[in-house]
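Spelled out, the chains give:
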Amino acid sequence: MSIVTVQLGQCGNQIGHEVFSALCSDIRGTHGLCSKKENESYHDSCKERFFCEEESGVPVARAVLVDMEPKVISQTLSMAARSGHWKYSSHSHFCQKQGSGNNWANGYSVHGPRHKEAIMDLVQKEAEKCDRLGGFFTMMSMAGGTGSGLGAFVTQCLRDAFPTSFILNHVIWPYGTGEVIVQNYNSVLTLSHLYQSSDALLVHENDVIHKICAQLMNIKQISFRDVNQVIAHQLGSVFQPTHTAGGGSGYSRNPLGDLMETLVPHPEFKLLGLRNIPQMAENSLAYSTFSWPGLIKHLRQMLIANATMEEGIDWQVRPPHQGSSIPSTNKPLHFNTSIANLVILRGKDVHGVDLGSFQDPSLYTSWLNPQDAFSAWKTPRAFNKYEKSASLVSNSQFLLKPLDSIVGKAWNMFASKAYLHQYTKFGIQEEDFLDCFTTLEQVISSYTNL
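Counting restarts for each chain, with residues numbered from 1 along the sequence as it is written. Since the coordinates come from a predicted model, pLDDT governs what is reported: local features require at least 70, and pairs of side-chain atoms require 80 or more to be given and counted, while whole-chain, interface and lining totals use all residues. Computation of side-chain values: all heavy atoms of the structure, hydrogens and water removed.

**Re the overall build of the protein**
Link 1 in the chain: The numbering of helices and of strands both runs from the N terminus, where a helix is a DSSP run of H or I of at least 4 residues and a strand a run of E of at least 2. Secondary structure assignment for the protein yields 15 helices and 13 strands.
Link 2 in the chain: Throughout, the radius of gyration refers to the C-alpha atoms, and the reference size of a globule is 2.2 Å times the residue count to the power 0.38. Relative to the compact-globule value of 22 Å for 450 residues, the protein shows a C-alpha radius of gyration of 21 Å, a close match.
Link 3 in the chain: Projected onto the principal axes, the alpha-carbon positions of the protein cover approximately 60 × 60 × 45 Å.
Link 4 in the chain: The method behind every accessible area is Shrake-Rupley, applied with a 1.4 Å probe, and residues are considered shielded solely by the protein chains displayed. Accessible area for the protein stands at about 18,400 Å²; split by element, carbon and sulfur atoms hold 51% of it.

**Remarks on the pattern of salt bridges**
Link 1 in the chain: Here, a salt bridge means any Lys or Arg side-chain nitrogen found within 4 Å of an Asp or Glu carboxyl oxygen. As enumerated under the stated definition, the model contains 10 salt bridges in all.
Link 2 in the chain: A salt bridge links R225 to E18; the shortest N-O distance between them is 2.7 Å. Within this pair, whereas R225 is found in helix 8 (residues 224–239), its partner E18 is found in helix 1 (residues 9–28), the two being separated by 207 residues in sequence.
Link 3 in the chain: Residue E18 is classed as buried on the basis of its relative accessible area of 6%. Only protein chains enter the accessibility calculation, which uses a 1.4 Å probe; a residue is then buried when its area is under 20% of its type maximum, exposed when over 50%, and partly exposed in between.

**Considering the packing of helix 5 (residues 146–161) against helix 6 (residues 183–197)**
For any two helices packed against each other, one specifies the crossing angle of their axes together with the interaxial distance.
Link 1 in the chain: Angles run from 0 to 180 degrees between N-to-C directions of axes, and those axes are lines fitted to C-alpha atoms, restricted for helices to the stretch in contact. Running from N to C, helix 5 and helix 6 point in directions that differ by 5°, and their axes come no closer than 9 Å. What the angle tells us is that helix 5 and helix 6 run roughly parallel. Contact residues: S148, A152, T155, Q156 and R159 in helix 5; N186, T190, H193, L194 and S197 in helix 6.
Link 2 in the chain: Grouping the amino acids of the contact of helix 5 with helix 6 by side-chain chemistry returns two nonpolar, seven polar and one charged. Roughly parallel covers angles under 35 degrees, roughly antiparallel covers those over 145, roughly perpendicular covers 65 to 115, and oblique covers all other angles. Any pair of residues with heavy atoms lying within 4.5 Å of one another is described as a contacting pair. Residue polarity follows a fixed list, in which Ala, Val, Leu, Ile, Met, Phe, Trp, Tyr, Cys and Pro are nonpolar, Asp, Glu, Lys and Arg are charged, and the others, Gly among them, are polar.

**A short note on the sheet that holds strand 10 (residues 271–277)**
Link 1 in the chain: Spatially, 6-4-1-7-8-9-10-13-11-12 is the arrangement adopted by the 10 strands of the open sheet, whose pairing is mixed. Since the sheet does not close on itself, it has two edges, and those belong to strand 6 (93–95) and strand 12 (374–379), each with one partner. Averaged over all adjacent pairs, the angle separating strand axes in this sheet is 20°, with direction ignored.
Link 2 in the chain: Criterion used throughout: strands pair if DSSP finds at least two bridges between them. In this structure, strand 1 (residues 2–8) lies alongside strand 7 (residues 133–141), joined through six bridges in parallel fashion. Bridge pairing links I3 to G135 in strand 7.
Link 3 in the chain: Against the sheet, helix 9 (residues 255–263) contacts strand 1, strand 7, strand 8 (166–173), strand 9 (200–205), strand 10, strand 11 (338–347), strand 12 and strand 13 (388–396), and its axis sits at roughly 75° relative to strand 8.
Link 4 in the chain: Sheet strands in contact with helix 11 (residues 292–304) are strand 10, strand 11 and strand 13, and its direction is about 20° off that of strand 13.

**Some thoughts on the domain arrangement of the protein**
Link 1 in the chain: The source of the domain bounds is an automatic or database domain assignment. Parsing the protein into structural domains produces domain 1 (2–274), domain 2 (282–397) and domain 3 (401–449).
Link 2 in the chain: A straight line from the C-alpha centre of domain 2 to that of domain 3 covers 33 Å.

**Observations regarding the packing of aromatic side chains**
Link 1 in the chain: Any two rings among Phe, Tyr and Trp, with Trp reduced to its six-membered ring, count as a pair given centres within 6.5 Å; such a pair is stacked if its planes are under 30 degrees apart, edge-to-face if over 60, and tilted if neither. Evaluation of the coordinates by the stated rule reveals 21 aromatic pairs.
Link 2 in the chain: An aromatic cluster of three or more residues is present, and its members are Y185, W411, F414, Y423, F433 and F437.
Link 3 in the chain: Charges are assigned to positions over rings by a cutoff of 6 Å between ring centre and Lys NZ or Arg CZ, combined with an angular limit of 35 degrees from the ring normal. Over the ring of Y195 we find K270; its NZ or CZ atom is 5.3 Å from the centre of that ring.
Link 4 in the chain: Seen from the ring of F398, R275 lies directly overhead, with NZ or CZ sitting 3.8 Å from the centre.

**Notes on the pairing of strand 4 (residues 63–67)**
Link 1 in the chain: For strand 4, the tally of buried residues reaches five of five residues, placing the bulk of the element in the interior.
Link 2 in the chain: Judged by which residues are buried, strand 4 turns out to be covered on both faces: A63, L65 and D67 on one side and V64 and V66 on the other are all buried.
Link 3 in the chain: In this structure, strand 1 lies alongside strand 4, joined through four bridges in parallel fashion. Considered in strand 4, the bridge of L8 is made with V66.
Link 4 in the chain: Examined bridge by bridge, strand 4 and strand 6 share three bridges and lie parallel to one another. Residue pairing in the sheet places L65 in a bridge with H93 of strand 6.

**What to know about the side chain of H233**
Link 1 in the chain: Looking at where H233 falls in the secondary structure, it is placed in helix 8.
Link 2 in the chain: Once residues lying within four places of it in the same chain are set aside, the contact partners of H233 are N276, F383, N384 and Y386.

**With respect to the sheet that holds strand 2 (residues 51–52)**
Link 1 in the chain: In spatial order, the strands read 2-3-5; together these three strands make up an open sheet with mixed pairing. In this open sheet, the two edge strands, each paired with only one partner strand, are strand 2 and strand 5 (87–88).
Link 2 in the chain: Relative to strand 3 (residues 60–61), strand 2 runs antiparallel, the two sharing two bridges. If you follow F51 over to strand 3, its bridge partner there is A61.

**Details of the environment of H115**
Link 1 in the chain: With respect to the helices, strands and loops of the structure, H115 is situated in helix 4 (residues 104–128).
Link 2 in the chain: The class for H115 is buried, based on a relative accessible area of 9%.
Link 3 in the chain: C-alpha separation for the pair H115 and L150, spaced 35 residues apart in sequence, amounts to 9.7 Å.
Link 4 in the chain: Once residues within four sequence positions are removed from consideration, H115 is found in contact with M68, F94 and Q96.

**Focus: the environment of K47**
Link 1 in the chain: Summarising the element assignment, K47 is placed in helix 2 (residues 36–50).
Link 2 in the chain: When residues no more than four places from it in sequence are discounted, the contact partners of K47 are I27, E53, P59 and R62.
Link 3 in the chain: Two N or O atoms form a polar contact when they lie within 3.5 Å of each other; inside protein one atom must be a possible hydrogen donor and the other a possible acceptor, and for residues adjacent in sequence the pair counts only when both atoms belong to side chains. In terms of polar contacts, K47 uses its side chain to reach the side chain of E53, at 3.4 Å.

What follows is the structure in structure tokens.
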């Protein structure tokens with residue numbers, strides 16, 4: 001099944017480009033460390049998912065690019081074409097001249113309705129090119145105006161036009177000390193609207209990725225491109241082909257469907273976080289060896305202690321004892337409770353890896369059977385440059401703190417009516433804000449009570 005990617009705004013378009021580049025360099029790599037047959041079926045499966053073939057033999061990304069200013073899209077198109085390994089279709093982008101001025105309401109209430117027909121027409125054409133449409137993967141930031149406002153609008157249109165398709169929104173969480181004064185408003189409006197129309201939100205926090213670049217990748221002057229490449233690597237490690245548990249011998253056919261089925265058992269809980277291990281600078285790889293038990297042990301502790309990377313994990317955090325009927329308020333401090341987890345293993349000897357530690361019932365909320373709460377996908381083909389790598393996609397309390405913080409900051413501004421006139425002039429009233437706060441307070445409360 002194929003996935004149509006919708007890249008929205010500057011951030012979404014730049015990350016989208018890095019994702020397709022990462023996928024392409026991965027399938028072109030010869031380091032698969034697996035049989036030729038395995039490598040070929042991996043190759044074909046990735047192509048079917050993310051690219052369509054043209055006569056020229058250059059793979060074309062199944063993507064629609066949308067922005068309200070032309071600069072980033074034209075850069076993105078030409079960078080892809082220059083690579084010679086893949087490209088975007090010359091007819092699947094839409095841009096305007098004026099931008100959204102970091103105003104969510106402008107993107108949602110003005111640009112959205114005005115350009116709905118043109119944008120959805122491109123999406124429809126892209127969807128029709130798929131033999132079987134698996135769903136949509138949108139990429140956007142929450143802080144600005146186009147990605148967030150127009151992104152929320154387009155997601156609603158996708159839901160209306162394709163009621164039975166899966167929609168996964170990839171959302172970039174802004175820097176805590178962000179560059180946009182109204183980013184907390186924009187984020188609250190985006191999240192609450194996506195919660196209504198999306199199947200799941202996969203979130204990357206800029207602050208976290210920045211730390212990975214600095215501490216694990218040893219990059220001295222971190223650019224957006226460095227940040228985006230780390231994000232692209234993490235996304236690739238989830239969406240490149242794998243064998244799912246019950247999937248027989250072939251590669252999983254429906255990655256979005258499989259992801260939702262394993263991780264989103266209830267519509268109230270749809271915030272997914274992603275952790276990836278190992279992550280390091282290319283030049284350190286030659287001196288490193290990894291064992292599966294070591295990787296799994298670190299990944300599990302990252303999960304229960306809510307650590308964002310393999311450095312600086314708090315090893316003191318332990319799961320609560322089974323059988324102790326403690327109310328959730330007495331949980332061990334900082335323990336991160338999960339609803340559902342998916343571990344993805346890539347590389348050699350994956351089939352012998354023991355994942356029993358992730359099946360411990362004390363990691364999960366009590367209302368789900370632990371057998372249903374944990375899944376593993378595996379492939380003997382290595383990803384990117386790592387001989388062995390593991391990813392964790394988790395529906396847990398990972399995002400509780402950042403969400404609580406962003407809603408709190410937005411509420412403080414709202415209480416003093418700061419900048420509200422910029423939204424009301426585009427038709428977003430105080431009641432709309434209050435509805436959004438209510439939606440997110442409910443989400444916070446649900447995740448807190450796990």
